[in-house]
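What follows is the residue order along each chain.
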Amino acid sequence: MHFGRSAALIKEFGEAAVEAAMEQVGQLFTANIRSNDLAFRYDTTTVAIILGDTAEKEALLAVEKLRKLVADVRLTGKDQGVQLTAGLAEAVMRTAYDPVDIVTEVINRAEQALHDALTQGAGSIVSLAPNLASAAVA
């Protein structure tokens, strides 16, 4: 989940304001995800969340819930709340796949989904399904 272009936000509001807003986002996420889920800062204005045992439909519902929560987070001097843009990728767990390959593939898809969402505009959510044909073991 991405919350704006970090360099532009830091230039406009200052690093302390961006850090404070991201700290608020982190606290909201931590308080509103399940105990078996993980949330961590991926970049200056990007947070990654791993939702264990969660299919795409439920992940979309979780993102919508988090979007509503972060709408109240404000950068100093800004009336509008931060906008959440998200990329989703569901992990494909197959016993024939190497665990490292599974993790690499899901990270790559999540990054591509986020890139696609950012291309569509702030506030977008894009989910990329796995390409099972290219990941199939012969």
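Everything numeric in this text was worked out from a predicted model, so none of it was measured.

**Student:** Please clarify how the pairing of strand β1 (residues 38-43) should be interpreted in this entry.
**Tutor:** If a strand is regular, its side chains alternate between the two faces of the sheet. With 5 bridges joining them, β1 and strand β2 (residues 46-50) adopt antiparallel strand pairing. The partner of Leu38 across the bridge, within β2, is Ile50. The hairpin formed by β1 and β2 contains 2 residues between the paired strands.

**Student:** Help me understand the nonpolar core in this model?
**Tutor:** Soluble globular proteins tend to pack their nonpolar side chains together in the buried interior. Met1, Phe3, Phe29, Val70 and Leu84 are the most contacted members of the largest nonpolar core, which totals 22 residues. A total of 6 residues in this core trace back to one element, the largest contributor, which is helix α2 (residues 15-32). Apart from the residues within four sequence positions on either side, Phe3 is in contact with Leu9, Met22, Val25, Phe29, Thr45, Val47, Val70, Val82, Gln83 and Leu84.

**Student:** I would appreciate a short explanation of the packing of aromatic side chains in the present structure.
**Tutor:** Think of a pair of aromatic rings as described by two things: how far the centres are apart, and how the planes are tilted against each other in angle. Across all of its chains, the model carries 1 aromatic pair by this definition. Between Phe3 and Phe29, the ring centres sit 6.1 Å apart and the planes meet at 50°, which makes this aromatic pair tilted. Remark: Phe29 occurs in helix α2 and Phe3 occurs in the segment before α1 (6-13); sequence separation between them is 26 residues. Taken as a pair, Phe3 and Phe29 share a single burial class, namely buried.

**Student:** For this particular structure, what's the right way to read the packing of α2 against helix α3 (residues 56-70)?
**Tutor:** The packing of two helices is summarised by the inter-axis angle and the distance between the axes. Look at α2 against α3: their axes get within 10 Å of each other, and the N-to-C directions meet at 140°. Of the possible angle classes, the one that applies to α2 and α3 is oblique. The two elements α2 and α3 cross, and the hand of that crossing is right-handed. Of the residues in α3, those in contact with Val25, Leu28, Phe29 and Asn32 of α2 are Lys65, Leu66, Leu69 and Val70. In the contact of α2 with α3, the residues fall into 6 nonpolar, 1 polar and 1 charged.

**Student:** Explanation requested: α3 in the structure shown.
**Tutor:** One turn of the α-helix equals 3.6 residues, which is why residues spaced by three or four share an orientation. In a regular helix each residue adds 1.5 Å, so 15 residues correspond to 21 Å; α3 covers 21 Å between its end C-alpha atoms and thus fits that length. Restricting attention to buried positions, one finds in α3 the residues Ala59, Val63, Leu66 and Val70. One side of α3 carries all its buried residues, which in axial view fall inside an arc of 65°. The exposed set on the far side of α3, more than 90 degrees from its buried face, consists of Lys57, Leu61 and Lys68. The inward-facing, buried residues of α3 contact α2, β2, β3 (86-89) and β4 (125-128).

**Student:** Teacher, can you tell me more about the side chain of Asp37 here?
**Tutor:** For Asp37, the location among the structural elements is in the loop between α2 and β1. Only 2.8 Å separates the side chain of Asp37 from the side chain of Arg34, close enough to count as a polar contact. Among the polar contacts listed, one links the side chain of Asp37 to the backbone nitrogen of Gly52, at a separation of 3.0 Å.

**Student:** Sorry, what's going on with the environment of Leu38 here?
**Tutor:** Here Leu38 lies in strand β1. A relative accessible area of 49% places Leu38 in the partly exposed class. Beyond its immediate stretch of four places on either side in the chain, Leu38 contacts Ile33, Ala48, Ile49 and Ile50.

Parameters and conventions
- Residues numbered from 1 in each chain as written.
- Predicted model: local features only at pLDDT ≥ 70, side-chain atom pairs only at ≥ 80, totals over all residues.
- Heavy atoms only, no water.
- Pairing = 2+ DSSP bridges.
- Helix = DSSP H or I, 4+ residues; strand = E, 2+ residues; numbered from the N terminus.
- Core = buried A, V, L, I, M, F, W, Y, C linked by side-chain atoms within 4.5 Å.
- Buried < 20%, exposed > 50% of the residue type's maximum accessible area, 1.4 Å probe, protein only.
- Contact = heavy atoms within 4.5 Å.
- Phe/Tyr/Trp six-rings, centres within 6.5 Å; stacked < 30°, edge-to-face > 60°.
- Axes fitted to C-alpha atoms, helices over the stretch in contact; angles between N-to-C directions.
- Parallel < 35°, antiparallel > 145°, perpendicular 65-115°, else oblique.
- Left-handed = near helix turned anticlockwise from the far one by under 90°.
- Nonpolar A, V, L, I, M, F, W, Y, C, P; charged D, E, K, R; others polar.
- Expected span 1.5 Å × (residues − 1).
- Arc of directions from axis to C-beta.
- Polar contact = N/O pair within 3.5 Å; in protein donor to acceptor, adjacent residues only side chain to side chain.

That's the geometry; what it means functionally is another story.
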